[in-house]
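Fold and contact review
The chain contents come next:
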Amino acid sequence: MSDSTLVKTAQISAILTAAAASGGIISISLFALPGFIVKPRQRKGTDREKALGASISHIARQWQYDYDVGKIVFPSAALISSLLYSYVAYAVRGERSGRYLSALYATAAGLNLLIGPFTGFAILPVNNLIWSYLDKNDDLAVERVTATAEEKLQQEQDEHKFEAKYLDYSPVPYGSKHEDGAPVLNRYSTVLTRGHDSPAAQAMLYAAGVPDRNAMKKSPQVGVATVWWEGNPCNMHLLELGKTVKKSITERDLIAWQYNTIGVSDGITMGTEGMRFSLQTRELIADSVETVTCAQYHDACIAIPGCDKNMPGVVMGMARHNRPSIMIYGGTIAVGYSNLLRKRINISTCFEAAGAYAYDTLRQPDDGGDTSKSKDEIIEDLESHACPGAGACGGMYTANTLATAIESMGLSLPGSSSTPAESPAKMRECVKVADAIQVCIEKDITPRKLLTKSSFENALVMTMALGGSTNGVLHFLAMARTAEVDLTLDDFQRVSNKIPFIADLAPSGRYYMADLYEIGGIPSVQKLLIAAGLLNGDIPTVTGKTLAQNVESFPSLPQDQVIIRPLNNPIKPTGHLQILRGNLAPGGAVAKITGKEGLKFTGKARVFNKEHELNDALTKGKIPRDENLVLIVRYEGPKGGPGMPEQLKSSAALMGANLTNVALLTDGRYSGASHGFIVGHIVPEAAVGGPIALVQDGDLITIDAETNQLNMNVSEAELQERLKSWQPPKPQLTRGVLAKYARLVGDASHGAMTDLF
Ligand SMILES: CC[C@H](C)C(=O)C(=O)O
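The rules behind these values
- Residues numbered from 1 in each chain as written.
- Predicted model: local features only at pLDDT ≥ 70, side-chain atom pairs only at ≥ 80, totals over all residues.
- Heavy atoms only, no water.
- Helix = DSSP H or I, 4+ residues; strand = E, 2+ residues; numbered from the N terminus.
- Buried < 20%, exposed > 50% of the residue type's maximum accessible area, 1.4 Å probe, protein only.
- Contact = heavy atoms within 4.5 Å.
- Areas by Shrake-Rupley, 256 points an atom, 1.4 Å probe, with all protein chains shown as cover.
- Domains from an automatic or database assignment.
- Buried area = accessible area lost by both parts, 1.4 Å probe.
- Salt bridge = Lys/Arg side-chain N within 4 Å of Asp/Glu carboxyl O.
- UniProt positions renumbered as here; feature names shortened; annotations may be inferred.
- Near = heavy atom within 4 Å.
- Polar contact = N/O pair within 3.5 Å; in protein donor to acceptor, adjacent residues only side chain to side chain.
- 1 Å grid on protein atoms, 1.4 Å probe; cavity = no way out; pocket = protein on both sides within 12 Å on 5 of 7 lines; lining within 4 Å.
- Sits in = over half its atoms within 2 Å of the grid points.
- Nonpolar A, V, L, I, M, F, W, Y, C, P; charged D, E, K, R; others polar.
- Axes fitted to C-alpha atoms, helices over the stretch in contact; angles between N-to-C directions.
- Parallel < 35°, antiparallel > 145°, perpendicular 65-115°, else oblique.
- Left-handed = near helix turned anticlockwise from the far one by under 90°.
- Points joined across faces, edges and corners; volume = space filled by probe spheres on them.
- Phe/Tyr/Trp six-rings, centres within 6.5 Å; stacked < 30°, edge-to-face > 60°.
- Lys NZ or Arg CZ within 6 Å of the ring centre and 35° of its normal.
- Pairing = 2+ DSSP bridges.

1. As for the overall build of the protein
Helices and strands together make up the secondary structure of the protein, namely 28 helices and 14 strands. Within the protein, the proportion of its 757 residues that are buried is 56%. Across the protein, contacts joining residues at least 24 apart in sequence account for 76% of those joining residues at least 6 apart. Total accessible area on the protein stands at roughly 31,600 Å², and carbon and sulfur atoms take up 57% of it.

Below is the structure:
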């Protein structure tokens, strides 16, 4: 080989190698090198440099990991280097040797465009190695990235919030006819039962109870989902209700398949570690209803829930499968009576008695009767008589709130939410449901036709008018997202601002759902609110009629009743649920303020990490009465708890102990039976570095329900300082359902859902 050939070969291979490598080199310098520059400062620099370094390395990492590198980044790198080569080719054009070199550079430019992206891919693992080396022992960076990833996830969830995608079942089109001209009502199950595509499926269905060939081919299959289990009064009777439903459906020549989902008793688990499992049962129930309905090709669904999470759970399941559906509420419990306290009682009396017991104020009333009984005798009397039978907790607590709202959205038969669990009327409802589900199937009335912005507005109106549970906020948001309805925290405040609070119902009032039933029940309240133009009577319902038509035959509330106040003489002119924001809750918080305790509260912070710390302090009588205190219970959010437990044990104990000098704040949530000056659902929660994690004992906190503010008088600079030394808690759980939940769950201001990605 001559010298000049050698030089040319060397030139060619050098330029081609450089061309091939340039995509990769650019990718390394774009994504990996920033790490070498910023990491040392991030570890050892001033606080400002550390923070800056964390942000730069975070951006670099996000770019490297999150973007579709094949489509955007590496081709861009190849393009940039190709332009460089083309420019050099242009610059050396002209002389003979220049023409040769420019041709070579032009080839390199083309090649680089072709192979640059692939080199980039090859370099990716190298970049990853560099980053994992840089990240080693660098907890701060990793944790900051995690916190920011949280925000990013939320942002993505917001962007995609109305683009729910479920498995496409393409049922037989509505309006199709069988050969004999009868309408096809088994539009889903026919996939299994028509012809002989699925003989095994048909064999199994015959074994399970399909009576004959005609039923196999034509009868719609209705799933009957009871949230039955024996260990909770709210749920113990649901299997029997389900059997009645099945019987009445079968009499109409429909096929009914009973199945079950699970639930957790909030009343029983309250204040214990078991309470962490409660909220996630909403998702388990939704998942179960969706799973059985979709997997088994049910044509319709009747769900029979009882305890709190059951109702939103089944409705979310219905919204997901979107087949004709009706909810039958298990019904409210009867009211208990204490012979020793000589008054009507309910489950919440027990929780409040615990506070009075601890502060030694649990006594018989000073009404001229017996006062000799000890606090132990009194508390045993309450334990024995607070829950006289089956049914969900009796005040306007979470179960009754949700059932009322869902009936007002058109998903239950009229009266379902106030018909007591053990009344004959509840059994009659289970019989009547067969007619209604037939109508829904025939008219194709599906959950998402009922779950609309107007019907959610109705849910909010009823919740505000009747003083419903703060949990409603969480569950309505989740139900709306599932049904792709645009409902936000601001809607709650908007409705709260216009709806008067008119119900003298527990927890803040004197009466119970069973009492309301006696004066006409929820339909009579709906009638009042429709007449006043506050509730939308035009929404469609599962009966095939509008809400207004459904309540027409119900009586108006009697003149002399005292449970529901006239609209012009409310307990409070606006709603009791207030959405607060401020430097303590930039992402929102939910307050229950009935007005009884005032509308504004300022006090010194006393911070508790986890509810049990506050419960211990209360049991030992350690919360003083002589100064205004804002008790903060944190690390109890959806992720941090995990499970966002309800804090009735502490909120009720405060009431029982008559500690009127305190307000309670948490990133967890409250029971429907909680009252007093309480604020929950604080977002962002402590576990992801929300400002609630930075509060210190003695900080002055103001809750203002008139300006909807929740602030601590700590400057932004001071908060930034505190944030630097804040360490996120290590994940407590790494296995099991709660670990899975903590990983998937979103924030409370978006309903704490697990399938928003
Ligand atoms: C007594 C209250 C009940 C157990 C509950 O947790 C709720 O209604 O939210």
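2. Here's the deal with the environment of Ala-392
Examined against the element boundaries, Ala-392 turns out to sit in the loop between helix H15 (375-385) and helix H16 (398-408). Spatially, the C-alpha atoms of Ala-392 and Cys-234 are 4.1 Å apart, while their sequence positions differ by 158 residues. Excluding residues that lie within four positions of it along the chain, Ala-392 makes contacts with Cys-234, Gly-306, Tyr-329, Gly-331, Thr-332, Ile-333 and Ala-399.

3. Quick look at the domain arrangement of the protein
The domains assigned to the protein are domain 1 (220-335 + 388-552), domain 2 (347-384) and domain 3 (577-750). Between domain 1 and domain 3, roughly 3,000 Å² of surface is buried when both sides are summed, and carbon and sulfur atoms account for 61% of that area. Of all residues in domain 1, Arg-276, Thr-470 and Leu-489 bury the most surface against domain 3, accounting for 24% of the area lost on that side. Counting every contact that joins domain 1 to domain 3 gives three salt bridges. With a closest N to O distance of 3.2 Å, Asp-490 and Arg-581 form a salt bridge.

4. Overview of the UniProt feature "domain: Dihydroxy-acid/6-phosphogluconate dehydratase C-terminal" (unreviewed entry) in the protein
On the UniProt side, "domain: Dihydroxy-acid/6-phosphogluconate dehydratase C-terminal" (unreviewed entry) is annotated at positions that read residues 563-752 here. Taken end to end, residues 563-752 has its terminal C-alpha atoms 33 Å apart, with 19% of it in helix and 26% in strand.

5. Let's talk about the site of the ligand
Residues in close proximity to the ligand total 13 residues, the closest being Asp-308, Tyr-397, Thr-398, Glu-646 and Gly-672. Within the side chain of Glu-646, one N or O atom sits 2.6 Å away from an oxygen atom of the ligand. A total of 270 Å² of accessible area belongs to the ligand in isolation, and the protein chains cover 99% of it. For the ligand, the cavity whose grid points lie within 2 Å of the majority of its atoms is the largest cavity. In terms of residue class, the shell around the ligand is built from five nonpolar, five polar and three charged. In terms of domain composition, the shell around the ligand takes at least three residues from each of domain 1 (220-335 + 388-552) and domain 3 (577-750).

6. What about the UniProt feature "domain: Dihydroxy-acid/6-phosphogluconate dehydratase N-terminal" (unreviewed entry) in the protein?
Here, UniProt's "domain: Dihydroxy-acid/6-phosphogluconate dehydratase N-terminal" (unreviewed entry) annotation points to residues 220-550. This span, residues 220-550, is 48% helix and 8% strand, and a straight line between its end C-alpha atoms measures 26 Å.

7. Thoughts on the packing of helix H19 (residues 453-466) against helix H21 (residues 489-498)
With their axes 9 Å apart at the nearest point, H19 and H21 run at an angle of 55 degrees to one another. In terms of axis orientation, H19 runs oblique to H21. You can see that H19 and H21 cross each other, and the crossing is right-handed. In this structure, H19 uses Lys-453, Glu-457, Leu-460, Val-461 and Met-464 to contact H21, whose residues at the interface are Asp-491, Phe-492, Arg-494, Val-495, Ser-496 and Lys-498. Of the residues that constitute the contact of H19 with H21, the class distribution is five nonpolar, one polar and five charged.

8. A closer look at the environment of Ser-524
With respect to the helices and strands, the residue Ser-524 is situated in helix H23 (residues 521-531). For Ser-524 and Pro-558, which are 34 residues apart along the polypeptide, the C-alpha to C-alpha distance reads 9.3 Å. Beyond its immediate sequence surroundings of up to four residues, Ser-524 is in contact with Ile-519, Phe-554, Pro-555, Ser-556 and Leu-557. In this structure the side chain of Ser-524 is engaged in a polar contact, spanning 3.2 Å, whose partner is the backbone oxygen of Gly-520. A distance of 2.6 Å separates the side chain of Ser-524 from the backbone oxygen of Pro-555, its partner in a polar contact.

9. Observations concerning empty space enclosed by the protein
Within this structure, the stated rule accounts for three cavities of 30 Å³ or more. Of the volumes computed, that of the largest cavity is approximately 110 Å³. Together, 15 residues line the largest cavity, and Asp-266, Met-270, Asp-308, Cys-393 and Ser-671 are the ones closest to its centre. Every element with two or more residues in the lining of the largest cavity is listed here: helix H11 (266-269) and helix H14 (347-358). Residue composition of the lining of the largest cavity, by class: eight nonpolar, four polar and three charged. Domain assignment of the residues forming the lining of the largest cavity places at least three in each of domain 1 (220-335 + 388-552) and domain 3 (577-750). Here the second largest cavity is characterised by a volume of approximately 40 Å³. In this structure, the second largest cavity is lined by Pro-233, Ile-333, Ala-334, Asn-346, Ile-347, Ala-386, Cys-387, Gly-391, Cys-393 and Gly-394. Per-class residue counts for the lining of the second largest cavity are seven nonpolar, three polar and no charged.

10. Observations regarding the packing of aromatic side chains
Working definition: an aromatic ring pair is given by the centre-to-centre distance plus the angle between the planes. The tally for this structure, following the rule as stated, stands at three aromatic pairs. Note on Tyr-169 and Tyr-297: the rings are 5.1 Å apart at their centroids and 70 degrees apart in plane angle, and the pair reads as edge-to-face. With Tyr-169 in the loop between helix H6 (139-159) and helix H7 (190-193) and Tyr-297 in the loop between helix H12 (280-295) and strand E3 (300-304), the pair connects residues that are 128 residues apart, well separated along the chain. Using a relative accessible area of 22% as the deciding quantity, one classes Tyr-297 as partly exposed. Geometrically, the ring pair formed by Phe-476 and Phe-492 is stacked, given 6.4 Å between the ring centres and 10 degrees between the ring planes. Here the residue Phe-476 occupies a position in helix H20 (residues 471-482), and Phe-492 occupies one in helix H21, the gap between them amounting to 16 residues. When sorted by exposure, Phe-476 lands in the same class as Phe-492, which is buried. Between Arg-323 and the ring centre of Tyr-169, over which it is positioned, the NZ or CZ distance is 4.6 Å. Positioned above the aromatic ring of Tyr-357, the side-chain terminus of Lys-375 is 4.3 Å from the ring centre.

11. Looking at the pattern of salt bridges
All told, the structure shown has 33 salt bridges when counted by the stated rule. Taking the shortest distance from any N to any O, the salt bridge between Lys-426 and Glu-429 comes out at 2.8 Å. On the criterion of helical spacing, the pair formed by Lys-426 and Glu-429 is a turn pair, its members being three residues apart in helix H17 (residues 424-443). The pair Lys-426 / Glu-429 is uniform in exposure class, with both members buried. Each of Asp-266, Asp-308, Lys-309, Glu-646 and Arg-669 takes part in salt bridges that share partners, so that together they form one network.

12. Overview of the pairing of strand E12 (residues 678-683)
Across the six residues of E12, six count as buried, placing the element largely inside the fold. Sheet analysis places strand E8 (residues 585-592) next to E12, joined by four bridges and oriented antiparallel. Bridging from a neighbouring strand, Val-590 pairs with Gly-680 of E12. Where strand E11 (residues 662-666) meets E12, two bridges bridge the pair, whose relative direction is parallel. Counterpart to Leu-664 in the pairing with E12 is Ile-678.

13. Observations regarding the sheet that holds strand E2 (residues 255-260)
Read from one edge of the open sheet, four strands run E2-E1-E3-E4, paired in parallel fashion. Strand pairing shows two members of the sheet lacking a second neighbour, E2 and strand E4 (325-327), which therefore form its edges. For this sheet the average axis-to-axis angle between neighbouring strands, irrespective of direction, equals 15 degrees. By the bridge criterion, three bridges tie E3 to E4 in an arrangement that is parallel. Bridge pairing in E4 places Cys-301 opposite Ser-325. Sitting on the sheet, H12 touches strand E1 (221-226), E2 and E3, and the angle it makes with E2 is about 145 degrees.

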